[in-house]
Amino acid sequence: MDSPQARPRSLHRRLSDVQREAIVTAFNHGTPQKELAARYGISVRSVRRLVRDSRESVSLNDHPQTG
């Protein structure tokens, strides 16, 4: 009997807010994605996603919607 494949946990559950912020800050200061991925035990794709989401969040906060 095969066991069901475990779904990967969300980055928001695997990493604290402080860790996510540290990854983005380190990346913005020149630390390679591959190094950050190894240091935090996540994929390079996850590092990219964190950085992208961080930039989108900043962009949205800089230009709030008016309604």
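Up top is the structure.
About the thresholds
Along each chain, residue indices are assigned from 1 in the same order as the chain's sequence is written. Per-residue local features of the predicted model are confined to residues with pLDDT of at least 70, and side-chain atom pairs are confined, for both listing and counting, to 80 or more; whole-chain, interface and lining totals are unaffected and use all residues. Here the side-chain values reflect all heavy atoms present in the structure, with hydrogen atoms and water set aside. Helix and strand definitions follow DSSP, with helices as H or I runs of at least four residues and strands as E runs of at least two, each counted in order from the N terminus. Contacts were defined at the residue level, with two residues in contact if any of their heavy atoms lie within 4.5 Å. Any carboxyl oxygen of Asp or Glu that lies within 4 Å of a side-chain nitrogen of Lys or Arg is treated as forming a salt bridge with it. Per-residue accessibility, obtained with a 1.4 Å probe over protein chains only, is compared with the maximum for each type, and a residue is labelled buried under 20%, exposed over 50%, and partly exposed between these values. To define a nonpolar core, start from buried Ala, Val, Leu, Ile, Met, Phe, Trp, Tyr and Cys residues and group those joined through side-chain atoms within 4.5 Å.

> Before we go on, may I ask you to explain the side chain of Ser 46 in this structure?
By the secondary structure assignment, Ser 46 is in helix 4 (residues 44-62). Ser 46 has contacts with Leu 11 and Arg 14, leaving out every residue within four places of it along the chain.

> Just checking my understanding: could you explain the pattern of salt bridges for this structure?
Pairs may arise between side chains of opposite charge once their charged atoms sit close together. The final tally for this structure, using the stated rule, is 4 salt bridges. Here Arg 52 and Asp 53 are joined by a salt bridge, their closest N and O atoms 3.1 Å apart. For Asp 53, a relative accessible area of 34% corresponds to the partly exposed category. Across the pair Glu 56 and Arg 52 runs a salt bridge whose closest N-O atoms are separated by 3.8 Å. On the criterion of helical spacing, the pair formed by Glu 56 and Arg 52 is a turn pair, its members being 4 residues apart in helix 4. What makes Glu 56 partly exposed here is its relative accessible area of 42%. One salt-bridge network, in which partners are shared between bridges, spans Arg 52, Asp 53 and Glu 56.

> Would you explain the nonpolar core in this entry?
As a rule of thumb, soluble globular proteins bury nonpolar side chains together. Judged by nonpolar contacts, Leu 11, Leu 15, Ile 23, Val 24, Ala 26, Leu 36, Ala 37, Ile 42, Val 47, Leu 50 and Val 51 together constitute the single largest core of 11 residues. Elements represented by at least two residues in this core include exactly helix 2 (17-28), helix 3 (33-40) and helix 4. Once residues within four sequence positions are removed from consideration, Ala 26 is found in contact with Thr 31 and Leu 36.

> What am I meant to see in the environment of Leu 50 here?
In this structure, Leu 50 sits in helix 4. Using a relative accessible area of 9% as the deciding quantity, one classes Leu 50 as buried. For Leu 50 and Leu 11, which are 39 residues apart along the polypeptide, the C-alpha to C-alpha distance reads 8.5 Å. Discounting chain neighbours no more than four positions away, the residues touching Leu 50 are Leu 11, Leu 15, Arg 20, Ile 23, Val 24 and Ile 42.

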